[in-house]
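# Chain and residue survey
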Amino acid sequence: MIHVKKAFVIGYPIKHSRSPLIHGHWLAEHGIAGSYEPIEVAPEALPAFLDRIRSGEFTGGNVTVPHKEEAWKLVDFRDLDTDHLKAFNTLSQVETVDGIAIYGQNTDLYGFLANLDQQAPGWNKDVENAIVLGAGGAARAVAAGLMLRVPGRVHILNRTRERAAALAADIVPRRAVGGSLDDFAALAPTSQLVVNTTTIGMHGTRFDNLDLSLLPKSALVTDIVYVPLVTPLLADARALGLRTVDGLGMLLHQAVPGFEAWFGVRPEVTPALRQKIEATL
Ligand code: NAP
């Protein structure tokens, strides 16, 4: 009898998730007898659900809003490289002498960096100043990733300035400064990289007062919002002749470590996969 490995994505709600399409594509591509199903789990049901990994029913899965912080608290072992993010999106089984335990990691950090590496090789060289717009959950992973790969300073600018200062102190001590979105104009002329991690760009929203023409002509602008694929920020940057990278690749790349952990094959982010997901946006 073939043993079918089962993985999941849980959230509340969950029906908008594109992860089943991504993992379904890789399962078919590699001819693996496995499944990856979206399951709606209410917050109070999370601890009991995670026991279904410990019982061996699921080999692991993804965790999305609103469960990432709680999952970080509930796992048995934490990935040391992403423990400081205090939010996990990928869980997998580990065998121990006491039975099956849960290993947690945050693959958004990896996905963010891998997307830039694929779409804009060399993006991190000579970055004196990087600007991160936003200080929410995704900004934590982005700022931590930039700290690993960018030689210069990371400026976290947020609507709520206090939140930016707290994130800077927590994630990028000494190399980062928190500020408000109004600080963009002063920083822009010496900033080679701008990353939007706020929700602005979704549902027709756009930044008021963000003058991209102040950036150096060589600057790279990237947005982690991927619906729409070309956000107003990216459209404005392109109109000025700046380099841009959209956020879909981050979604695709963050899925790689999970698939490898659950199904034993490291999958690739190919143009065919990208086209398949792009068609759903
Ligand atoms: P979050 O924790 O709720 O943070 C939201 C951020 O947006 C905060 O910094 C918030 O500022 C800011 N914001 C919201 N409305 C604003 C407004 N009207 N004006 C200015 N700032 C505003 O959300 P998240 O989990 O970090 O996710 C943020 C975005 O990233 C979402 O669109 C999500 O889909 C996307 N994302 C993409 C990927 C990917 O793989 N591409 C991965 C993760 C997330 P305040 O602190 O002032 O409220």
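Refer to the structure above for everything that follows.
Note that the structure is a prediction, hence the values are computed from the model and not measured. (Residues numbered from 1 in each chain as written. Predicted model: local features only at pLDDT ≥ 70, side-chain atom pairs only at ≥ 80, totals over all residues. Heavy atoms only, no water.)

## Describing the layout of surface pockets
In this approach the atoms are scanned with a rolling probe the size of a water molecule, which exposes any empty space left behind. Applicable threshold: The method works on a 1 Å grid over the protein atoms by themselves. A cavity is a set of points holding a 1.4 Å probe that cannot get out, a pocket is an open set with protein on both sides within 12 Å along at least five of seven lines, and residues with an atom within 4 Å of a point line them. Grid points are joined across faces, edges and corners, and a volume is the space filled by probe spheres set on the points. Put simply, DSSP H or I for four residues or longer makes a helix, DSSP E for two residues or longer makes a strand, and each gets a number counted from the N terminus. All residues other than Ala, Val, Leu, Ile, Met, Phe, Trp, Tyr, Cys, Pro, Asp, Glu, Lys and Arg, Gly among them, are scored as polar; the first ten of these are nonpolar and the last four charged.
Here the largest pocket defines a volume of roughly 1,500 Å³. Considering the residues around the largest pocket, the lining is formed by 45 residues, among which Thr64, Val65, Lys68, Ala138 and Ile224 are closest to the centre. Listed by contribution, the elements that provide at least two residues to the lining of the largest pocket are β3 (60-63), α3 (68-74), α5 (137-149), β11 (200-203) and α9 (248-254). Tallied by class, the residues present in the lining of the largest pocket amount to 19 nonpolar, 19 polar and seven charged.

## Comments concerning the nonpolar core
Heads up, the condition is: Note on terminology: a nonpolar core comprises buried Ala, Val, Leu, Ile, Met, Phe, Trp, Tyr and Cys residues joined through side-chain atoms within 4.5 Å. For every residue, the accessible area (1.4 Å probe, protein chains only) is compared with the maximum for its type, and the residue is labelled buried under 20%, exposed over 50%, or partly exposed between those bounds.
If you look at the biggest cluster of nonpolar residues, it comprises 32 residues, and the most contacted ones within it are Phe112, Trp123, Leu146, Ile156 and Leu193. For this core, the secondary-structure elements that each account for two or more residues are α4 (108-119), β7 (129-133), α5, β8 (153-158), α6 (161-171) and β10 (193-196). Top element by residues in this core is α5. It accounts for six residues. Ala7, Leu248, Phe263 and Val269 belong to the second-largest nonpolar core, a separate cluster that totals 19 residues.

## Things to note about the site of the ligand
We apply this condition: The cutoff for a nearby residue is simple: one of its non-hydrogen atoms must lie within 4 Å of the molecule or strand. Polar contacts here mean pairs of N or O atoms no more than 3.5 Å apart (in protein, one a potential hydrogen donor and the other a potential acceptor; neighbouring residues in sequence count only if both atoms are side-chain atoms). Per-residue accessibility takes into account occlusion by the displayed protein chains alone, with areas from the Shrake-Rupley method and a 1.4 Å probe. Molecule-in-pocket calls rest on the fraction of atoms, with more than half required to lie within 2 Å of the cavity or pocket grid points.
Lining the immediate surroundings of the ligand are 20 residues, of which Ala138, Asn158, Thr160, Arg163 and Ile224 lie closest. Contact distances for the ligand include 2.9 Å between an oxygen atom and a side-chain N or O atom of Arg159. Interatomic distance of 3.1 Å between a backbone N/O atom of Gly247 and a nitrogen atom of the ligand. Protein coverage of the free-state accessible area of the ligand, which is 920 Å², stands at 74%. Its atoms largely coinciding with the cavity grid, the ligand occupies the largest pocket. Put simply, the parts of the chain that give the shell around the ligand at least two residues each are α5, β11 and α9. Here the shell around the ligand is composed, by residue class, of nine nonpolar, nine polar and two charged.

## Here we look at the pattern of salt bridges
Between side chains of opposite charge, a pair can form as their charged atoms come close. For the record, the criterion: Take a side-chain nitrogen of Lys or Arg and a carboxyl oxygen of Asp or Glu: if they are within 4 Å of each other, that pair is a salt bridge.
The tally for this structure, following the rule as stated, stands at 15 salt bridges. Note that Arg149 and Asp117 form a salt bridge whose closest N and O atoms lie 2.9 Å from each other. Of this pair, Arg149 sits in helix α5 while Asp117 sits in helix α4, and the two are 32 residues apart along the sequence. Under the relative-accessibility criterion, Arg149 is labelled partly exposed at 28%. Across the salt bridge formed by Asp170 and Arg140, the nearest N and O atoms sit 2.7 Å from each other. Highlighted residues: Asp170 in helix α6 and Arg140 in helix α5, separated in sequence by 30 residues. Judged by its relative accessible area of 36%, Asp170 is partly exposed.

## A short note on the packing of helix α1 (residues 19-29) against helix α11 (residues 271-278)
If you want to describe how two helices pack, look at the angle between their axes and the distance between the axes. To be explicit about the condition: Where helices are involved, their axes are fitted lines through C-alpha atoms of the stretch in contact, as for all axes, and angles between N-to-C directions lie from 0 to 180°. Helix crossings fall into two classes, left-handed where the near helix is turned counterclockwise from the far one by less than a right angle and right-handed where it is turned clockwise. Contacts were defined at the residue level, with two residues in contact if any of their heavy atoms lie within 4.5 Å.
For the pair α1 and α11, interaxial distance at closest approach is 10 Å and the crossing angle is 145°. Considering the relative orientation of α1 and α11, their crossing is right-handed. Contacts from Leu21, Ile22, His25 and Trp26 of α1 reach α11 at Ala272, Leu273, Lys276 and Ile277. Looking at the contact of α1 with α11, its residues break down into six nonpolar, one polar and one charged.

## Some thoughts on the pairing of β3
Rules: Each pair of strands is called paired provided DSSP finds at least two bridges between the two strands.
For strand β1 (residues 5-11) and β3, the ladder comprises four bridges, and the chain directions are parallel. Bridging across to β3, Ile10 finds its partner in Val63. Of the pairings in the sheet, the one linking β3 to strand β5 (residues 90-96) comprises three bridges and is antiparallel in character. Following the sheet pairing, Asn62 is matched in β5 by Thr90.

## Things to note about the sheet that holds strand β9 (residues 176-180)
One open sheet accounts for six strands, arranged β9-β8-β7-β10-β12-β13; its pairing is parallel. Edge positions in the open sheet fall to β9 and β13 (243-245), since each of these has one partner strand only. Geometrically, the sheet is characterised by an average inter-axis angle of 20° between neighbouring strands, direction not taken into account. Its contacts with the sheet put α5 on β7, β8 and β10, and the angle it makes with β7 is roughly 170°.

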